[in-house]
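Chain by chain, the residues:
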Amino acid sequence: KYFSYLSSMTDQKVDYSPVIDILEDILGDPKLHNDYKGQISFDCPVCSYDIKELDHGDGKGNLEINYKESVFKCWSCSETHGTHGTLYKLIKQHGNPKQLKKYLILRPDEDGEAPKRIYKQVKLPKEFIAFKDASRGLRLTSQFKQAWAYIKKRNITDEMLERYNIGFCYEGDFANRIIIPSYNEEGYLNYFIARSYLSYTKLKYKNPEVQKEIIIFNEKLINWNDKIYIVEGAFDSIFIPNSIPMLGKFMSDHLFNKLYDNAKGELTIVLDPDAWNDAEKLYHKINCGKLMNRVNIIKLEGDKDIADLAGDLSEYKEIKLD
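Since we're looking at a predicted model, the values are computed, not measured.

1. Looking at the pairing of strand β8 (residues 177–183)
Item 1. Of all seven residues making up β8, seven are buried, and the element is well covered by its neighbours.
Item 2. Burial along β8 is two-sided: Arg177, Ile179, Pro181 and Tyr183 and Ile178, Ile180 and Ser182, pointing in opposite directions, are all buried.
Item 3. Pairing of strand β7 (residues 167–169) with β8 involves three bridges; the strand directions are antiparallel. Its bridge partner being in β8, Phe168 is matched across the sheet by Ile178.
Item 4. Strand direction decides the pairing type here: β8 and strand β9 (residues 189–196), joined by seven bridges, are antiparallel.

Structure below.
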């Protein structure tokens, strides 16, 4: 066996190149590859080749695969043609017996079901102090003043601090970090962002080990009937009402499915200026099916993100792409 799939692996480095080789043998050249997250995209063998009857694909890269999780989904035809599930399913349907046999040697524990991972229950650090609850004595300390200076530098208001229950830690595992909690639709904590407020630090973010790809950040605050903004980070989301941060530049399958099933109004994508290419790809991926013609995009200029602009997007137009 080359390696066995370790569902709870966190530290051991695994060479996924043999799996990637199999995928490239079946699907051709990838359109996008994030090896850190284990995400790779190809032209879909169903909607790009079978449905459109193209010889060389459509170049959209709608078939997205996470080979670390052993799952795939086509952002265009998954709802209509069932192009989602495990890599076992994908390779069995579109590969040959030799490729499937090779994959099962590499991944002997996969039986066609989605692999499960074990995650710890998330809890706020015991040292967490909400800014709204900080005592007068604490506010006079140097630790508080450092955290408070960062909050003001990021244009965060007292109203935002209270609405999002933002706090900080000045000691413990999350010392010198601003904490932005996330609560699910029932109001239970499901994640938090821990961002260093020090000027110089080796690790800017230190977040809990939880399955963030299956959460909607601060879902309890989302009104699915109104316009929803899709942004990158948690700090961006606190400046725009009814916004969902992807916690990165790529949208999880869970978030896409939630939007597809629940969003009743328009969707507007606003990513950082340096992520325009990612924003364009995201636009074309989610502008499909029930969401068709309800997706807009805003292109930020320069080097300022939503937080830098304090959420003021009045100078920018929402547009639709061809």
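On we go.
2. Brief notes about the packing of aromatic side chains
Item 1. One pass over the structure, following the stated rule, counts 12 aromatic pairs.
Item 2. Each ring, one from Tyr16 and one from Tyr67, has its centre 5.4 Å from the other, and the planes form 45°; the classification is tilted. Within this pair, whereas Tyr16 is found in the segment before α1 (17–27), its partner Tyr67 is found in the loop between β3 (63–66) and β4 (71–74), the two being separated by 51 residues in sequence.
Item 3. Look at Tyr16 and you get buried, because its relative accessible area is 10%.
Item 4. Accessibility expressed as a relative area gives 2% for Tyr67, which makes it buried.
Item 5. Geometrically, the ring pair formed by Trp75 and Phe256 is edge-to-face, given 4.6 Å between the ring centres and 80° between the ring planes.

3. Describing the sheet that holds strand β1 (residues 32–34)
Item 1. On the basis of which strands lie adjacent, the open sheet formed by five strands has the order β1-β2-β3-β4-β5 and antiparallel pairing. The outermost strands of the open sheet, each flanked by one partner alone, are β1 and β5 (84–86). Neighbour-to-neighbour, the strand axes of this sheet turn through a mean angle of 15°, independent of strand direction.
Item 2. Bridge count for β3 against β4 is four bridges, and the pairing is antiparallel. Paired with Ile65 across the two strands is Phe72, which belongs to β4.
Item 3. Strands in contact with α1 are β1, β2 (39–42) and β3; relative to β2, the strand with the most contacts, it is inclined by about 10°.
Item 4. Strand contacts of helix α4 (residues 87–94): β3, β4 and β5, with the helix running at about 105° to β5, the strand carrying the most contacts.

4. Considerations on the packing of α4 against helix α5 (residues 97–106)
Item 1. Between α4 and α5, whose axes approach to 8 Å, the crossing angle comes to 160°. The orientation of α4 relative to α5 falls into the category roughly antiparallel. Between α4 and α5 lies a crossing whose hand is left-handed. Along the contact surface, α4 presents Leu87, Tyr88, Ile91 and Lys92, while α5 presents Gln99, Leu100, Tyr103 and Leu104.
Item 2. Class assignment for the residues of the contact of α4 with α5 results in six nonpolar, one polar and one charged.

Criteria and thresholds
- Residues numbered from 1 in each chain as written.
- Predicted model: local features only at pLDDT ≥ 70, side-chain atom pairs only at ≥ 80, totals over all residues.
- Heavy atoms only, no water.
- Buried < 20%, exposed > 50% of the residue type's maximum accessible area, 1.4 Å probe, protein only.
- Helix = DSSP H or I, 4+ residues; strand = E, 2+ residues; numbered from the N terminus.
- Pairing = 2+ DSSP bridges.
- Phe/Tyr/Trp six-rings, centres within 6.5 Å; stacked < 30°, edge-to-face > 60°.
- Axes fitted to C-alpha atoms, helices over the stretch in contact; angles between N-to-C directions.
- Contact = heavy atoms within 4.5 Å.
- Parallel < 35°, antiparallel > 145°, perpendicular 65-115°, else oblique.
- Left-handed = near helix turned anticlockwise from the far one by under 90°.
- Nonpolar A, V, L, I, M, F, W, Y, C, P; charged D, E, K, R; others polar.

Nothing here speaks to function; it is all geometry.
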